[in-house]
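# Working through the structure, step by step
Here is how the chains run, residue by residue.
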Amino acid sequence: MQNFHQHNKIFAGNLYPEQKCGKIRLTKSKPVLFFYFEKEIRIMILAIDIGNTTVALGGIRDGRVCFVARMDTVRTRTAAEYRVEMDKIFAHRRHPERPMRFEGAVLTSVVPQITGALAECARHYTGKKPVIVSPEIRTGLTMGVPDPHAVGKDRLVDAAYAAANFPLPVITVDLGTATTFNVIRENSVFCGGAIAPGLDMGLGALSERTAQLPRLDLQIPKRIIGRNTEECILSGTIVGMAAMLDGMVQRIEAELGSPATLILTGGAARFVEPLVLHPHIYDPNLLLKGLAFLCERNCAN
């Protein structure tokens, strides 16, 4: 199961800055290659993705994801309390020879209760007002839906980055608390999508609404035909989601009248994408890259 249709997958994972190394120093005996890190300030964009379950923090430099960290989404937490948590995260990633500084910040949120608190945190670390994703900022998209403000801000980020970096038409599927589909036509027209329950939500509902089915953690099933209750639940949930993705993409392409580029992302995508039959690109950091892309399009300096 693990190697199921691996030829259909392109992996676009984390990219890290290349390490500096190498100069030759001559000695009496033989040349010696000395490895060193150049002392430099790592200037990054701080990307903040406020989701229903977690807040993702990303450091982006030259379009590359330098680090990713996550905090729990706590709707009652204040800006000061979030700053304490963020200070710990940043302190853990500091290097004495390569200090880290944020030149700007960009934020997307599906939890309005804490948007202000984390925007205040972003201003603290950058000294600037963050770019907050909305239909009013420059996304590069033409919104082909009746009410652009009703579209989730995380969906706008995925769609904007995909439209600018992949062949159109393109479909993005973000597997998080919910599973969201975005469809972008030629000329970067956002024409809508679909929303389904997320994997973890489905597993939780099974255990909460039945008397005998257990609560399971997400994992890739070993087989499709389950031989016990746990295997049956995982097969129905994980393989069922992969089959749903394949079926939805096929129907979307039929409605578009042309094949589309498929991009999978989101925290739960790693459990599903090995089982997806449709050719696809897997990029776990699509949204963070999209945030940096929108920051660059909308920052004055």
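What this report covers is the structure whose coordinates are included nearby. A quick note: this is a predicted structure, and the numbers were derived from the prediction, not measured. (Residues numbered from 1 in each chain as written. Predicted model: local features only at pLDDT ≥ 70, side-chain atom pairs only at ≥ 80, totals over all residues. Heavy atoms only, no water.)

### A few points about helix α2 (residues 112-126)
Definition in use: Secondary structure is summarised from DSSP: a helix means a run of H or I of at least four residues, a strand means a run of E of at least two, and numbering begins at the N terminus for each. One fewer than the residue count of a helix, multiplied by 1.5 Å, yields its expected span. Only protein chains enter the accessibility calculation, which uses a 1.4 Å probe. A residue is then buried if its area is under 20% of the maximum for its type, exposed if over 50%, and partly exposed in between.
With 15 residues, α2 ought to run about 21 Å at 1.5 Å a step, and its terminal C-alpha atoms sit 22 Å apart, in line with that. Those residues of α2 that fall on the buried side of the exposure criterion are Ile 114, Thr 115, Ala 117, Leu 118, Ala 119, Cys 121, Ala 122, Tyr 125 and Thr 126. At the exit of α2 stands Gly 127, carrying a positive phi of roughly 75°.

### With respect to the sheet that holds strand β7 (residues 100-109)
Strand pairing in a sheet relies on backbone hydrogen bonds. The paired strands run either parallel or antiparallel. For the record, the criterion: The pairing criterion for strands is at least two bridges between them, as found by DSSP. Pairs of residues are marked as contacts when any of their non-hydrogen atoms sit within 4.5 Å. Interaxial angles span 0 to 180 degrees and are taken between N-to-C directions of axes, which are lines fitted to C-alpha atoms, for helices over the stretch in contact.
Sheet architecture is open: five strands sit in the order β6-β5-β4-β7-β8, paired in mixed fashion. Strands with a single pairing partner mark the edges of an open sheet, and in this sheet they are β6 (64-72) and β8 (131-132). Direction of pairing for strand β4 (residues 42-50) relative to strand β5 (residues 54-61): antiparallel, over a ladder of six bridges. If you follow Ile 48 over to β5, its bridge partner there is Leu 57. Sitting on the sheet, α2 is in contact with β4, β5, β6, β7 and β8, with an inclination near 165° to β7. This element, helix α7 (residues 286-298), spans β4, β5, β6, β7 and β8 of the sheet and lies at about 115° to β4.

### With respect to the side chain of Thr 139
Here is the rule we go by: Two N or O atoms count as a polar contact when they lie within 3.5 Å, although within protein this holds only if one can serve as hydrogen donor and the other as acceptor, and sequence-adjacent residues are included solely when both atoms are side-chain atoms.
For Thr 139, the position within the fold is in the loop between β8 and β9 (142-143). Taking relative accessible area as the criterion, Thr 139 reaches 8% and is therefore assigned buried. A polar contact of 3.1 Å, which involves the side chain of Thr 139, links it to the backbone nitrogen of Leu 141. When residues no more than four places from it in sequence are discounted, the contact partners of Thr 139 are Ser 134, Ala 160, Phe 293, Leu 294 and Arg 297.

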